[in-house]
Amino acid sequence: MAKFLRNRHEHDPPVGELPVPHGPETGREHAHYPRRASTSYATDYERQIFSHLLQPDDSYTPEGVYWADLPFSQRFKFVNKVSSEESKSEMRAVWAMFKKDPLSPLSWYFRNSVLPGAGLLLEGYVLFSIGNLQPLFANVWGSCWDKHEVCDKNWVASVTYLEIIGIMFGQTGVGIIGDWIGRRWGLIQDALIMFIGLLLLTGSWGVTLQGWVILYAFSLFFYGIGVGGEYPITATSSMENAVSAGRLSTRDDRLHRGRKVTLAFLMQGWGQFFNQIVLTILLVIFNRETGGEPPYTEFAAQYTFRLSFAIVAIGTLWLVYYRTYKMKDASKHLDKAKKKANVTGYDVKSLKTTFSNFGGRLFATSMGWFFNDVFFYGNKLFQSQFIGVISSNPKSLLTTWNWNLVNVVVSLAGYYAAALMIDNKMYGRKNMQQVGFLVCFLTFVIPAFKYDYFTSPAGIHGFQALYFLSSFFNQFGPNSVTFLVAGEVYPTQVRASAHGFSAMIGKSGALLASVLYNYIDNKTKFLVVPWFGLAGMLVTYIWLPDTTGLDLKEQERRWQYILQGKPEEYHGIAIHPQHLSLWERLMGVGKSYHPDLDMKAKIRDLRAEWEERRASNSDAESAGLEQEDDDDEITPDIRNYFSGVQHESGSHSNEKLKGGAKPGSESIGSAGTEEVGLSEKPGN
């Protein structure tokens, strides 16, 4: 009998269950019948009607336990179960799409990965081309680019410096514009700047070679501004489009946000791949007397570099059109956040609050990017060494370009591996970045202390293996993660600014490498570079939080408490130790975490949003404007609860969830769309 009573509910019984007679609440109930204070804890009825919304099954167990609160073995089992079910769901959806239209999976990939990353694809093509063309220029116009007899050495060196400075300027400037005027304007102006820059590069020349170098350098600086702007704008727009505008929190955001952003970012690698193919074909065509081998003619050099830029200029012009006419809702998420904060221009208050509350995060994202860029540019140190040993014709550009192509393919494999694992809760962002830094450290430090052996014929193949290993783990590590987390860990109002600032500090690492490498020999470079990897690993471990599996909506919810000056009243999972850095935990940020208190607070916050949406729709109806749809995760029982209508015996309770539906799911596996499994709603 006692067991039977313990399984019943004294107060606020769930729908359909008769309450056990118990008399009035006295505050001295038996331990089996704890009193629920309605102002602090959710009732059983509230838990029942809100559980699908506030405790989704991809993050919570059926008992309402958050995945990060589970013991390690149970956590591992839970995460694998969710990942396995999601993978099967996506595979079924892809197969259904394929049966309906064999090309539909490719069209989905094009819309959701290629188009969001198109700007990065185009800039990756051009920036990779700059490095590939300089040896050609030095071979054909050696008196200028190599021996510096008719051109000033500083101007020739400025080609690299001005390119990087232009990128740094664009990263900070366009990042601020993206938060100030909007994401859409940032996207359009980036494409316009890159298009004009490509016109300048294509037509650049001068009455003297020195004049050409100067114009070429400034053209790269101008183009670099657009390139730099692509970093914060592409990252933030891809990230925010992973969350459906106006929705609460989606399964796709929690399970696939990192993948979505990384798939856009890796278009940079495809740009490098296509550039290498195009340059090789052009050089073979226009230097046909020798089949693309030296000596190279001025005619071949002129047509190769100009056509390589002209081809991508056409694609950039199309990008201007697409962003102007097809991405009109790119700023929608930002506009809603500003409206909620009653801000019209740049949110200076949020910027100051970000520095005071997230200073450790800003240090982690900027310095992690800085250390990574030193490695990214240091990776080229390997290639020049082993080509000279294993190639029968090391002076051939085609030989160098072919090895570049192999390395790009290895890098692309790293990009896709990152996209596959970056949302896995047992590995995720932070572990991926730390392991990547560690492997990069090892791949540089091993040859550093046995340099003569690894650069000799006996050890050259091991040297090659280390080279490709560093390329793979740079992408399957810090290069992909820094791009994602530099925007992900900050609030919407300043996300582009914070990402741009982090990217700018990171690019200064590339500037440091390009200057430093001019003053030390190759052996010394291998002794210097590895320690940046250890430093990056240390910064990641101490200051970088792990946001794997944490949806943006919950982070925004915490941010509202911070803006209101009451961060201690927030008790949600955004301050769970799993999602905080070691530094934040030591500072006591997570001491307010309390799942039970947070459940009731979530309901209050959700009700406030619902009432705000109703008021907004009422005003829109009066003005004859388009109304915002009510969230389709709001069940009739929840509407009745918010409206103060007495609930019935649960006839409508969670009707939408019957049959195993997963509300908010917008991933490949979601059903009910034109192409089976794919959502065509704006912002996805």
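These figures come from a predicted structure and were not determined experimentally. (Residues numbered from 1 in each chain as written. Predicted model: local features only at pLDDT ≥ 70, side-chain atom pairs only at ≥ 80, totals over all residues. Heavy atoms only, no water.)

### Regarding the packing of aromatic side chains
- Applying the stated criterion across every chain yields a total of 53 aromatic pairs.
- Seen from their ring centres, phenylalanine 137 and tryptophan 212 are 5.1 Å apart, and the 70° between their planes marks the pair as edge-to-face. Placement of the pair is phenylalanine 137 in helix α5 (residues 118–140) and tryptophan 212 in helix α9 (residues 209–241), with a sequence separation of 75 residues.
- For phenylalanine 137, a relative accessible area of 0% translates into the label buried.
- Judged by its relative accessible area of 0%, tryptophan 212 falls in the buried class.
- Relative to phenylalanine 305, the ring of tryptophan 212 has its centre 5.8 Å away and its plane inclined at 40°; by these criteria the two rings are tilted. Linking tryptophan 212 in helix α9 with phenylalanine 305 in helix α12 (residues 298–325), this pair joins segments that are 93 residues apart in sequence.
- Look at phenylalanine 305 and you get buried, because its relative accessible area is 0%.
- The rings of Phe137, Trp141, Trp145, Trp205, Trp212, Tyr216, Phe305 and Phe309 are connected pair by pair, giving a single aromatic cluster.
- One cation-aromatic arrangement involves lysine 425 over tryptophan 67; the distance from NZ or CZ to the ring centre is 5.8 Å. (Phe/Tyr/Trp six-rings, centres within 6.5 Å; stacked < 30°, edge-to-face > 60°. Helix = DSSP H or I, 4+ residues; strand = E, 2+ residues; numbered from the N terminus. Buried < 20%, exposed > 50% of the residue type's maximum accessible area, 1.4 Å probe, protein only. Lys NZ or Arg CZ within 6 Å of the ring centre and 35° of its normal.)

### Some words on the pattern of salt bridges
- Applying the stated criterion across every chain, the model contains 26 salt bridges.
- Glutamate 240 serves as the salt-bridge partner of arginine 495, at 2.9 Å between the closest nitrogen and oxygen. Separated by 255 residues along the polypeptide, arginine 495 in helix α21 (residues 495–516) and glutamate 240 in helix α9 bring together distant segments of the chain. Comparing arginine 495 with glutamate 240, the two get one shared label, buried.
- Salt-bridge contacts for glutamate 584 lead to arginine 361; the nearest nitrogen and oxygen are separated by 2.7 Å. Here the residue glutamate 584 occupies a position in helix α25 (residues 582–586), and arginine 361 occupies one in helix α15 (residues 359–378), the gap between them amounting to 223 residues.
- Looking at glutamate 584, the relative accessible area reads 7%, which means it is buried. (Salt bridge = Lys/Arg side-chain N within 4 Å of Asp/Glu carboxyl O.)

### Thoughts on helix α18 (residues 428–448)
- Taking 1.5 Å of rise per residue, the 21 residues of α18 would be expected to cover 30 Å, and the 30 Å separating its terminal C-alpha atoms lies within 8% of that figure.
- Summarising burial for α18: 16 of the 21 residues are buried, a large majority. (Expected span 1.5 Å × (residues − 1).)

### So, the state of the cysteines
- Taken as a whole, this structure holds one disulfide when the rule is applied.
- Each sulfur in the disulfide pair cysteine 144 and cysteine 151 lies 2.0 Å from the other. Judged by the sign of its S-S torsion, about -100°, the bond between cysteine 144 and cysteine 151 is left-handed. (Disulfide = S-S within 2.5 Å.)

### Re the packing of α18 against helix α20 (residues 460–488)
- Taken N-terminus to C-terminus, the directions of α18 and α20 make an angle of 150°; their axes are 8 Å apart at the nearest point. Overall, the two elements α18 and α20 adopt an arrangement that is roughly antiparallel. The two elements α18 and α20 meet at a crossing, and its hand is left-handed.
- Looking at the contact of α18 with α20 residue by residue, the class counts come to 17 nonpolar, seven polar and two charged. (Axes fitted to C-alpha atoms, helices over the stretch in contact; angles between N-to-C directions. Parallel < 35°, antiparallel > 145°, perpendicular 65-115°, else oblique. Left-handed = near helix turned anticlockwise from the far one by under 90°. Nonpolar A, V, L, I, M, F, W, Y, C, P; charged D, E, K, R; others polar.)

### Some points on the confidence of the model for the chain
- Counting all residues, the mean pLDDT for the chain is 84, and 83% of those residues have values of 70 or more.
- Across the chain, element-level confidence peaks in α25 with a mean pLDDT of 97 and bottoms out in helix α1 (residues 2–6) with 42.
- Here residues 242–248 scores under 50 on pLDDT; set against residues more than four positions off or in separate chains, the count is 31 contacts.
- Throughout residues 648–667 the model reports pLDDT below 50, and contacts reaching past four residues in sequence, or to other chains, amount to 45 contacts. (pLDDT = per-residue confidence, 0-100. Contact = heavy atoms within 4.5 Å.)

### What to know about helix α24 (residues 552–563)
- For α24, with twelve residues, the first-to-last C-alpha span of 16 Å sits near the 16 Å given by 1.5 Å per residue.
- Most of α24 is tucked away: eleven of the twelve residues are buried.
- Leu552, Glu554, Gln555, Glu556, Arg557, Arg558, Trp559, Gln560, Tyr561, Ile562 and Leu563 are the residues of α24 that are buried.
- The first or second residue beyond α24 is glycine 565, which carries a positive phi of 75°.

### Some remarks on the nonpolar core
- By size, the foremost hydrophobic cluster in this structure holds 106 residues, and its most contacted members are Trp145, Tyr216 and Phe309.
- At 13 residues, the largest contribution of residues to this core is made by α5.
- Those residues in contact with phenylalanine 309 that sit more than four places away from it in its chain are Val126, Ser129, Ile130, Leu133, Leu198, Leu201, Thr202 and Tyr216. (Core = buried A, V, L, I, M, F, W, Y, C linked by side-chain atoms within 4.5 Å.)

### What about a nonpolar patch on the surface?
- Taken together, the side chains of Phe110, Trp318, Tyr321 and Tyr325 present a nonpolar region at the surface, about 450 Å² in accessible area.
- At three residues, the largest contribution of residues to the nonpolar patch is made by α12.
- In this fold, tyrosine 321 is placed in helix α12. (Patch = residues over 30% accessible without salt bridge, like charges linked within 9 Å, V, L, I, M, F, W, Y side chains within 5 Å. Areas by Shrake-Rupley, 256 points an atom, 1.4 Å probe, with all protein chains shown as cover.)

### Structural notes on the environment of tyrosine 561
- Mapped onto the fold, tyrosine 561 is located in helix α24.
- Taking relative accessible area as the criterion, tyrosine 561 reaches 9% and is therefore assigned buried.
- In this structure the side chain of tyrosine 561 is engaged in a polar contact, spanning 3.1 Å, whose partner is the side chain of aspartate 605. (Polar contact = N/O pair within 3.5 Å; in protein donor to acceptor, adjacent residues only side chain to side chain.)

### Notes on the environment of glycine 462
- Mapping glycine 462 onto the fold places it in helix α20.
- Judged by its relative accessible area of 31%, glycine 462 falls in the partly exposed class.
- Measuring from C-alpha to C-alpha, the distance between glycine 462 and proline 447 comes to 9.2 Å, with 15 residues separating the pair along the chain.

### With respect to the packing of α5 against helix α17 (residues 397–421)
- Between α5 and α17, the least distance of the axes is 10 Å, while the angle of their chain directions is 160°. The angle between the axes of α5 and α17 places the two elements in the roughly antiparallel class. The crossing of α5 and α17 is right-handed. Along its contact with α5, which presents Phe128, Asn132, Pro135 and Leu136, the element α17 presents Leu397, Trp401, Asn404 and Val408.
- Taken together, the residues of the contact of α5 with α17 sort by class into six nonpolar, two polar and no charged.

### So, the side chain of serine 237
- Position of serine 237 relative to the elements: it lies in helix α9.
- At 2.7 Å, the side chain of serine 237 and the backbone oxygen of isoleucine 233 are in polar contact.
- Within the structure, the side chain of serine 237 is placed 3.3 Å from the backbone oxygen of threonine 234, a separation counted as a polar contact.

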